[in-house]
Amino acid sequence: MAKAEIVAMILAGGQGSRLGVLTKNIAKPAVPFGSRYRIIDFPLSNCSNSGIETVGVLSQYQPLALNTYVGNGHPWDLDRNNGGAFILPPYLRSGKSDWYKGTANAIYQNREFLDDCGAKYVIVLSGDHIYKMNYARMIREHIDMEADATLAVIEVPWEETSRFGILNTGPKDAIVSFIEKPKKAKSNLASMGVYVFTWSVLRDVLVEDENDSDSDNDFGKNIVPRMLSHDMKLFAYRFSGYWKDVGTISSLWESNMDLLDRPEEINLIDRNWRIYSRNPSKPSNYISGDATVSMSAMTDGCQIYGTVLHSVLSDSVTVEKGAVVKDSVLLPGVTVKSGAFLDKCIVGFGTIIGKGVRAGASIEGESPYLNTHICSEGIVVIEKGLKIKDHSIIPANSQVDCDLDVKDESNVIEETFRV
Amino acid sequence: MFLDAMGLILADNNKISLGELSKPRALAAIPFGGRYRIIDYMLSCMVNSGIKSVGILTLNKYKSLMDHLGTGASWDLDRKNFGLHILPPYVNSESKSTEDGEEMAGLLDFIRSNRTEFVILANSNIVINTTFNDFIDVHVQSGADMSVMYNKDGTKYGTPNFIFETDKKRIITDVLFNPEKTDSNKCCIGVITLRRTLLIDLIAEMMAHGDRNFGIYSLLKKFDTLRIRAYEYKGLVLRINNIQTYFNASMQLLDDKVRSDLFWTGAPVLTKVKDEAPTLYFEACDVKNALVSDGCRIMGKVSNSILFRGVTVSKNSVVRNAVIMQDVHISDNCVLDHVILDKNAVIRPGTQLVGHKDYPVVIDKGAIV
């Protein structure tokens, strides 16, 4: 097997249950983001741009779309003879086999892969963050400090510290303690879920953690505290720039809107740090003479005859004449029929919004689809592959799910199809 | 799809000039339709037909074509067997110049190294989205030596044109080059098919006669000795013969029916992927009837126009009836009407450029105005 001193491992196996129907059939990293990307394009492009050419993608939950999307890694220049992209699912062994029980267990189960690569350093990434980062600099700092582990951190607003894993640091940003979601934080340095480890050290810690039956086998919860308890050398690497966890419907929506409201922050047009993606091979987007488009992002294959305001449209979206799409995120292939009104909606692959449908944050009323567990801030989520009945009303905080048992008169789904 | 044929595309055409646009590049490499170059259409037709071996014949100025085609990966033509081959003029150590028909030696080698039964040979001045499977089926059934595609455009797209006269079995009885007056409206589309072995014989014969002009016409001229059958193609064909037809063809893309026939047939038009960011339409923008590619940033007013990738239209600028190529930057307070701006042009603040429908203003690649 080809040798690589530095190997990236992308944790892409999580279900992402907080994204509701968006991750019913696909893993979270394969969820479309920002008009022409999937979430996983960000870590993959960061790896490629950082010069890391051996990348393992740990997939487990609903892997078909993700595996197809990553494929041979060609869009990210990861189709290498020496290294490249590797899809690493859990597998059966002659002895004890298991699913990936936690993030650390996923790496533990692939320790032979890392051994065979001859890895000296491993960078562990999660597949659910939007950011641009040069990992090479972080790895250089890890090597210079002779660290056992280096955690990328970002300063977050003090009032939000309870949502993150918070690091307390001493001199030279040496990590003193790590507290997952503290009620009262002593620091506002949040872990970004980007870890560099010296492989020989991590390997031993993973084996030890595996033998501890009380452990959840999670990097943040178990591995980092375990390393700290062994007095190992852990450092924080400070990152500044755009970084967002898109693990919930509201954060996914917000992050999409950030591209419109603050495009300079993530700066997708930066040609020195392109974010690569698999291309849909569709013609340029067309804005008709009847259309109104403002404060919006769109990509190849979009055909706009109606009004699109402050929205992010993925490829091949059609908005018919007289339809209004506002503050929404439409995933690839969505059609919005004439007279429909969408306000703060996230609509899944290929769904057809029927004529005169009214859905979104400004729509009031009762509905069997109300779901405040998944939806918040008025956002409406509509599953992929549906035809929504003409003139349906879908009020704020609804999630249209075809598996929901809804009586005929209040059912907004006319048919379902595979996309 | 499967097709037992190889493809040959003639990247240049010495009868066609697009002025400033063809100065830095081969005809085939001229950008057309937002995110494509002219060759993308024919190359995609071939690939979508199932052709797995394509040779691109070039004469000169092939740098931009080579940049665009690369290894052929965008068309799935990066293969161990066959795939994409660029065939520049053939020069060996003995023949320092490319005279005496030597340029055909490389072509002949390439055709001989293939194994397919048929060849599709195509010009680069047409924009079309089709497959050649029916064309070859009909050709085989007819028993003709060669078949050539035509439609009933007549001479309306100007010169150069080839008009056919045929008998009742559609066998060509005469080929007219730029006729002043003709009763026939059968205008050559510039795609022919024949058996590979026959093409080898014909090229060898041309080389033996010191004939240096290999192309569609040199083959059609054989109508007196070979049975050449005309095949009517009824789909959309955009012909690009000069700046005016280029501009008109571009504007036709704003028509829903034309776009549907060209881009939404189910067979994609493939091109080199540029990984540009999505297009951003800013708050003050006003866009009507425009085809806009990825990586554009639009703050001004755009109507009846084609924007290629990475174009910036700044505040208070007005762009009408224009073809704006890749990475053009249009500064504030400009007025551009009936213009074609080549790649990387920079339009300084307050510039006004107004052309005419029949004579669009053309700004050179990289020019600063």
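Here the structure is a predicted model, which is why all the values come from computation and not from measurement.

Chemist: Describe the overall build of chain B, with residues and values.
Modeler: The helix and strand tally for chain B stands at eight helices and 22 strands. Relative to the globule expectation of 21 Å for 369 residues, the C-alpha radius of gyration of chain B, 21 Å, shows essentially globular dimensions. Burial statistics for chain B: of 369 residues in total, 60% are counted as buried. In chain B, the share of contacts with a sequence separation of at least 24, taken over all contacts with a separation of at least 6, comes to 58%. Between the centroid of the 43 positive side chains of chain B and the centroid of its 42 negative side chains there is a distance of 3 Å.

Chemist: So what's going on with helix α7 (residues 243-252) of chain B? Residues and values would help.
Modeler: All names here are of chain B. In terms of burial, α7 is largely enclosed, as seven of its ten residues are buried. Turning to α7, its buried residues number three or more, namely Ile243, Thr245, Tyr246, Phe247, Ala249, Ser250 and Met251. In this structure, the buried side of α7 is in contact with β11 (238-239), β15 (301-307), β17 (318-324), β19 (335-341) and β22 (361-363). The backbone nitrogen of Gln244 has a side-chain oxygen 3.2 Å away, supplied by the residue at the start of α7, namely Asn242.

Chemist: I'd like a rundown of the nonpolar core, residues and numbers included.
Modeler: One finds A:Met133, A:Tyr135 and A:Val194 to be the most contacted residues of the largest nonpolar core, which totals 74 residues. The greatest single-element share of this core, amounting to six residues, is contributed by helix α8 (residues 249-261) of chain A. Judged by nonpolar contacts, the second largest core, of 56 residues, contains A:Leu330, A:Ile413, B:Val339 and B:Ile347.

Chemist: Could you give me a rundown of the confidence of the model for chain B, with the residues and numbers involved?
Modeler: The pLDDT averaged across chain B works out to 92; a share of 96% of its residues lies at or above 70. If you check the scores for this complex, the pTM reads 0.94 and the ipTM reads 0.93.

Chemist: Requested: an account of the interface of chain B and chain A, with residues and values cited.
Modeler: Facing the 36 residues of chain B at the interface are 39 residues of chain A. Interface area, chain B with chain A, both sides summed: about 3,000 Å², of which 49% is carbon and sulfur. Three residues stand out in chain B for area buried against chain A, namely B:Trp264, B:Asp275 and B:Tyr281, and they jointly supply 22% of the buried area on that side. The interface formed by chain B and chain A holds five salt bridges in total. Salt-bridge contacts for A:Arg271 lead to B:Asp327; the nearest nitrogen and oxygen are separated by 2.6 Å. Of all the elements in the fold, those that place two or more residues in the side of chain B that touches chain A are α8 (256-263), β12 (279-281) and β13 (286-292) of chain B. Of the residues forming the side of chain B that touches chain A, the biggest block, six residues, is contributed by β13(B). Its residues assigned to classes, the side of chain B that touches chain A comprises 19 nonpolar, six polar and eleven charged.

Chemist: Describe the pairing of strand β3 (residues 83-87) of chain B, listing the residues and the values that go with them.
Modeler: Relative to β3(B), strand β2 (residues 53-57) of chain B runs parallel, the two sharing five bridges. Directly across from B:Gly55, in β3(B), lies its bridge partner B:His85.

Chemist: Residues and numbers for the side chain of A:Arg226, please.
Modeler: Structurally, A:Arg226 is set in helix α7 (residues 219-229). Contacts of A:Arg226, omitting those with residues within four sequence positions, involve A:Val205, A:Glu208, A:Asp209, A:Asp212 and A:Ser215.

Chemist: Talk me through the packing of helix α6 (residues 199-210) of chain A against α7(A); I want residue IDs and the actual numbers.
Modeler: Residues and elements named next belong to chain A. Interaxial distance between α6 and α7 falls to 10 Å at its minimum, and their mutual angle equals 115°. The pairing of α6 with α7 is recorded here as roughly perpendicular in orientation. Like other packed secondary-structure pairs, α6 and α7 cross with a definite hand, here right-handed. Contact residues: Val201, Leu202, Val205, Leu206, Glu208 and Asp209 in α6; Phe219, Asn222, Ile223, Arg226 and Met227 in α7. Looking at the contact of α6 with α7, its residues break down into seven nonpolar, one polar and three charged.

Chemist: Outline the pattern of salt bridges, listing residues and values.
Modeler: All names here are of chain A. Per the counting criterion, the structure on display carries 43 salt bridges over all chains. Residues Glu383 and Lys24 are paired through a salt bridge, measuring 3.0 Å at the closest nitrogen-oxygen approach. Here Lys24 lies in the loop between β1 (6-11) and β2 (32-33) and Glu383 lies in the loop between β28 (380-382) and β29 (386-388), a separation of 359 residues in the sequence. Overall, Glu383 belongs to the buried group, its relative accessible area being 4%. Among the salt bridges present, the one from Arg238 reaches Glu155, with a minimum N-O distance of 3.5 Å. Note that Arg238 is positioned in strand β12 (residues 234-238) and Glu155 in strand β8 (residues 149-155), a separation of 83 residues in sequence. Here Arg238 falls in the partly exposed class, since its relative accessible area comes to 43%. For Glu155, a relative accessible area of 53% corresponds to the exposed category. Here the salt bridges do not stand alone but share partners, grouping Lys244, Glu254, Asp258, Arg262 and Glu265 into one network.

Rules used throughout
- Residues numbered from 1 in each chain as written.
- Chains lettered and ligands numbered in written order.
- Predicted model: local features only at pLDDT ≥ 70, side-chain atom pairs only at ≥ 80, totals over all residues.
- Heavy atoms only, no water.
- Helix = DSSP H or I, 4+ residues; strand = E, 2+ residues; numbered from the N terminus.
- Rg over C-alpha atoms; globule rule 2.2 N^0.38 Å.
- Buried < 20%, exposed > 50% of the residue type's maximum accessible area, 1.4 Å probe, protein only.
- Contact = heavy atoms within 4.5 Å.
- Lys, Arg positive; Asp, Glu negative; His and termini not counted.
- Charge placed at Lys NZ, Arg CZ, Asp CG, Glu CD.
- Polar contact = N/O pair within 3.5 Å; in protein donor to acceptor, adjacent residues only side chain to side chain.
- Core = buried A, V, L, I, M, F, W, Y, C linked by side-chain atoms within 4.5 Å.
- pLDDT = per-residue confidence, 0-100.
- Buried area = accessible area lost by both parts, 1.4 Å probe.
- Salt bridge = Lys/Arg side-chain N within 4 Å of Asp/Glu carboxyl O.
- Nonpolar A, V, L, I, M, F, W, Y, C, P; charged D, E, K, R; others polar.
- Pairing = 2+ DSSP bridges.
- Axes fitted to C-alpha atoms, helices over the stretch in contact; angles between N-to-C directions.
- Parallel < 35°, antiparallel > 145°, perpendicular 65-115°, else oblique.
- Left-handed = near helix turned anticlockwise from the far one by under 90°.

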